[in-house]
Amino acid sequence: MKKQRLRLDDACFTLQVILMLTKLFDFNLNSVTESSLWRSTDYGGKYQKLNDKIGAKTILSYLYVSPNNKRKIMLLTDPEVESSLLISSDEGAMFQKYRLNFYILSLLFHPEQEDWILAYSHDQKLYSSVEFGRRWQLVHEKVAPNRFYWSKLGLDKEPGLIHLETSALYITCKLQNCTDANKAKPFPGYIDPNSLVVQDEYVFVFPNTPCRRYKIKMHLDLHVISTDENRVVAAVQEWNQNETYNLYVSDTLGVYYTLALENVVSSIGPEGNVMVDLYEVAGIKGMFLANRKLENQVKTYITYNRGRDWRLLLAPSQDLKGNSIHCVLPYCSLHLHLHVSANPYTSGNIASRESAPGIIVLPFLSLQIFNEEYAVLYLDQGGALVAIRHTPLPIRHLWLSFDEGHFWNKYSFTNTPLFVDGVLGEPGEETLIMTIFGHVSHRSEWQLVKIDFRSIFNRRCTEADYQTWHLHNQGEPCLMGVKRIYQKLKPTSRCVMGKTHLVSMMSSSCECTEADFECDYGFERQSNGKCAPAFWFHASSVSRRCTAGMMFLNTTGYRKVVSNNCSAGVSMEYTAKRQQCQVQAPKGLHLVTSEGTLTATLGSNVTFLVFLEEGDSARTSITLDFGDGRALTYSNVSAIEDGIKHIYRDVGIYRVAAIGENFFGSETATLYLFLLCVMYMSPLVALRNKEVNLTAVLWPNQVGTVTYIWWIANNTEPVITLEGSLPCTFSREGISTVTVQVSAGNTILQDRKNIVVHEYFRSHLLAFSSNLDEQNPDVAEWRLDVSRVIKNALIQSTGVREEQLLVTVLPGLPTTAEFFLLPSKWLQKSPAHLDQLSEMLLSALNQNLVQFTLRPGIQVTVYAAHHSAAPLVDTSENQSGSAMLMLLSVVVVGLAVFIIYKFKRTMGCPRARYQTPKMLRGPVKDKLLTLYFNDCMCPCSL
């Protein structure tokens, strides 16, 4: 007999309508084999099965409701069976089915537009729909999971704007027109993968560049906890933390952060997500609970002023049986579990509601009332609480409280005991109806019990049913600068507040005290409670953006807690003072590359970042000397905030210097930049079963430790060496591919070369008339083009078959080349045939019959050199040839997709004699495009 289990997977409520999605899971197959959709139009009194309307064999996976129009329902089918969705516009009465050409992993509904949806597919593609899923359009490919966001009305220029992360870039684009022309990059550089967070008016990214503006670098991990009321609360894991996070709070701009609480406990959630033990209490602004680890002990702390002060929780004075509890702060305190339940149909460890300020339901409180663990739910906006026992045994009773959990009454909800799987409290805690679902036995069908508590309440609440409640912090009535008085039901009142009831609160402002102010950015609270500058903070750094003659706010070390409404009192003493800006000599000048490395590839743009810690940035000029005889001067620091780009024309080690100077002094910062280039010999021909030396030469060679990684032919594992030479033997004739990667510092250089392997071949060195040396820029591209010209000249003079002849021009001066004669794959000939062809070629060369025109007026003659580079006849047992691979500078970024360009030569370059058109070569194997630099880009030689 198959082991199966029917489970409730989703449910939604729209006015009087309830929709439920159930699935039958086969444990033997480890998959869902059936699904059913149920609909009730009387709050769960009766249910109708809708499988005939959606297709009897259709297996559903998810149920969604439009957050802006609860009449609109969307169902997703199981993608392993079919990729479709079903749409209803009448609360599930009728459905229409639409086929999809992609698999939906997640949906994101627009916060205002009811028909706008973003869909994320299994292959990292993002789609959009403006017709509630009836039609879809591709927005972008290679989008990071869960890193796409809708624009927010009033913050973004256009309502149809999308924020997304793709290929380590943060971009925005239009909903229905995400073309390259319509894309924008709010952050110009690369960002760390999966770091984009857009929440309310804040956008967070981790720049994949050196930190420029912030003193504290977020070393490992960041989670945005809250962004309400113009303030960010973030949990940051520092470099020395493993299971804990530090809690930071920001200023109103979200730019400067101060430490609020250290070592907050964290855990891993059911889906691998990080869960920080921090809970924001609903209904009371500024109130948080946090579990903190100190000396291997976890204790619960509470704050009423957004993290300015934290206190331990006072334990109850009596236990369940009325016995006194001896628990004295700070040696003993109340500990709470703060995790919220991942299951929407069971209660979590903690719960609070906006409609019920001051009520926090916790497992500890349940244990103080009951002998076992109970789930507690809200009814009638907190006017009543319902408790249901958590047990694997069947039950038929629940408990009801009308006085915030002090006293409980027992009620029966079924005649037959039920194995309870969960509770549906929707459409909200403001109602008096709930549904309990479970099984009479483990093999039975679903049993749903609708419970209507309205019969217990015989009237609506009046003004006489309420009493006042003063919010306080251990007797202190002023919290966040105000005294707050709430209207709450009397314990003796058994009436209905209803959906229209609004929480009533009266408030009055308090005089400001030191407790209303927290430490400003760069300041830390000392053991005496005062705020003092942190060891890393320079108070004078605020002058960087302070121009002489203007005013700035000089901090007192304190700032008022965000949303604190106190007035007068000590406000003037702790508030920042306006002062005249004073011009200072520049101090703390920093110079880095945008990539944060000290190596760069020749011909590419190197971006230098210059920033100043102290001094008048508007009146401090910056001169950047690139170390190659060129320099630029800027009138102020603000003009170079996006960096200074420069292209180097020669390899070598460059001393780059930045000089900041104003009337009062100067400051200098330097770095040494390594420009890399690699020389090569090509093509490569090797004898079968004879050793050949594969060689890669890195220039300059003073770059520290270099690692060479060789991928040879079809080998699945590379060979790693610390030298640029590797002996290798090829056992098969044909073309073998060799790829070498060179790791130097933070730069990886790579090239791939095809090596022709034969049983035998013939070769000979070539020389040229001296006029060719005058035209030789000694660059790879020139050598490649001239090799083709020489080959054509040899073919025209001798009639040698094209596939049998290879020619390569060698690096350096004087100009030399080498030709290779290969066996024909069409003609089965002996080595003697190659000897005849070689003699014919040498004869033509010795008679000066091989010539070519390099350019008008320049005729070049090709000669046979006196010494050969490879044997004409293969007779040696220990024969070994040499081969050299070209490495092109390709910086590995992101997923290591190599896109390389060929640059047109510019006038004014040294030895600029050879001009080529601008073009892109390729495509070639594995989508690797090769770059050939002219002498302006890579004028290096062996």
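Look up a bit, the structure's there.
Residues numbered from 1 in each chain as written. Predicted model: local features only at pLDDT ≥ 70, side-chain atom pairs only at ≥ 80, totals over all residues. Heavy atoms only, no water.

*Asks:* Can you help me understand the sheet that holds strand β65 (residues 851-855) in this one?
*Replies:* Pairing between the strands of a sheet is mediated by backbone hydrogen bonds and can be parallel or antiparallel. One open sheet holds the five strands; their spatial order is β63-β64-β62-β66-β65, and the pairing between them is antiparallel. Whereas interior strands pair on both sides, the edge strands pair on one side only; in this sheet they are β63 (805-810) and β65. Here the strands of the sheet are splayed against their neighbours by 30 degrees on average, with no regard to which way each runs. Here six bridges tie β63 to strand β64 (residues 816-821), and the two strands are oriented antiparallel to one another. (Pairing = 2+ DSSP bridges. Helix = DSSP H or I, 4+ residues; strand = E, 2+ residues; numbered from the N terminus. Axes fitted to C-alpha atoms, helices over the stretch in contact; angles between N-to-C directions.)

*Asks:* Looking at this model, I keep getting lost on the state of the cysteines. Mind explaining?
*Replies:* Under the criterion given, the structure shown has six disulfides. Covalent S-S linkage joins Cys 173 and Cys 178, the inter-sulfur distance amounting to 2.1 Å. Where Cys 173 bonds to Cys 178 through sulfur, the torsion about that S-S bond is close to -90 degrees, and the disulfide is left-handed. Residue classification places Cys 173 among the buried residues on the basis of a relative accessible area of 0%. We classify Cys 178 as buried; its relative accessible area is 14%. (Disulfide = S-S within 2.5 Å. Buried < 20%, exposed > 50% of the residue type's maximum accessible area, 1.4 Å probe, protein only.)

*Asks:* Would you mind going over the pattern of salt bridges with me for this structure?
*Replies:* When charged atoms on two side chains of opposite charge get close, those side chains can pair. Tallied over the entire structure, the rule returns 24 salt bridges. In this structure, Glu 91 engages Arg 71 in a salt bridge whose closest nitrogen and oxygen atoms are separated by 3.2 Å. In this pair, Glu 91 sits in the loop between β7 (84-88) and β8 (96-99) while Arg 71 sits in the loop between β5 (60-65) and β6 (73-77), placing the two residues 20 residues apart along the sequence. Glu 91 sits in the buried class, given a relative accessible area of 10%. A salt bridge links Arg 630 to Asp 628, with the nearest nitrogen and oxygen atoms 2.8 Å apart. Taking the relative accessible area as the measure of exposure, Arg 630 reaches 37% and is therefore partly exposed. Of the residues examined, Asp 628 reaches a relative accessible area of 22% and is grouped as partly exposed. Linked through salt bridges whose partners overlap, the residues forming this network are Arg 231, Glu 518, Asp 520 and Arg 559. (Salt bridge = Lys/Arg side-chain N within 4 Å of Asp/Glu carboxyl O.)

*Asks:* Help me understand the sheet that holds strand β46 (residues 587-593), please; the structure alone is not making it clear to me.
*Replies:* Overall, antiparallel pairing links the three strands, which are arranged β46-β48-β51 in an open sheet. In this open sheet, the two edge strands, each paired with only one partner strand, are β46 and β51 (644-646). The sheet shows a mean angle of 25 degrees between the axes of neighbouring strands, taken without regard to direction. Where β46 lies against strand β48 (residues 606-614), six bridges are found, and the strand directions are antiparallel. Paired with Val 592 across the two strands is Leu 609, which belongs to β48.

*Asks:* Please clarify how helix α4 (residues 780-798) should be interpreted in this entry.
*Replies:* Side chains three or four residues apart in an α-helix point the same way, a direct result of the helix having 3.6 residues per turn. Relative to the 27 Å expected for 19 residues at 1.5 Å per residue, α4 spans 27 Å between its end C-alpha atoms, a close match to the ideal helical length. Immediately beyond the C-terminal end of α4, within one or two residues, lies Gly 799, with a positive phi of roughly 80 degrees. (Expected span 1.5 Å × (residues − 1).)

*Asks:* Got a minute to help me understand the environment of Phe 95 in this structure?
*Replies:* Its place among the elements puts Phe 95 in the loop between β7 and β8. In this structure, the C-alpha to C-alpha distance between Phe 95 and Leu 85, residues 10 residues apart in sequence, is 9.6 Å. Sequence-distant contacts of Phe 95, defined by excluding residues within four places in its chain, comprise Leu 37, Leu 50, Ile 54, Ile 73, Leu 75, Leu 86, Ile 87 and Ser 88. (Contact = heavy atoms within 4.5 Å.)

*Asks:* Where do I start with the nonpolar core in this structure?
*Replies:* Note that soluble globular proteins tend to have their nonpolar side chains buried in a common cluster. Counting residues in hydrophobic clusters, the biggest one holds 30 residues, and the most contacted among them are Leu 766, Phe 768, Ile 790, Leu 794, Leu 805, Phe 819 and Leu 845. With near-sequence residues (within four places) excluded, Leu 794 lies in contact with Leu 766, Gly 799, Leu 805, Val 807, Phe 819, Leu 841, Leu 845 and Val 850. If you look at the next biggest cluster of nonpolar residues, it comprises 23 residues, including Ala 600, Phe 608, Val 637 and Ala 658. (Core = buried A, V, L, I, M, F, W, Y, C linked by side-chain atoms within 4.5 Å.)

*Asks:* Help me understand the packing of aromatic side chains, please; the structure alone is not making it clear to me.
*Replies:* Any pair of aromatic rings gets described here by the distance separating the centres and the angle formed by the planes. Counted according to the given criterion, the structure contains 21 aromatic pairs. Ring geometry for Tyr 62 versus Tyr 64: centroids 6.3 Å apart, planes at 40 degrees, classification tilted. You can call Tyr 62 partly exposed: its relative accessible area is 41%. Arranged with centres 5.9 Å apart and planes meeting at 85 degrees, the rings of Phe 102 and Trp 136 form a pair that is edge-to-face. Placement of the pair is Phe 102 in the loop between β8 and β9 (104-109) and Trp 136 in the loop between β11 (126-129) and β12 (137-140), with a sequence separation of 34 residues. The exposure classification of Phe 102 matches that of Trp 136, with both residues buried. Its end group placed over the ring of Tyr 301, Arg 292 keeps NZ or CZ at 5.7 Å from the ring centre. Just above the ring of Trp 469 sits the side chain of Lys 488; from NZ or CZ to the centre is 4.3 Å. (Phe/Tyr/Trp six-rings, centres within 6.5 Å; stacked < 30°, edge-to-face > 60°. Lys NZ or Arg CZ within 6 Å of the ring centre and 35° of its normal.)

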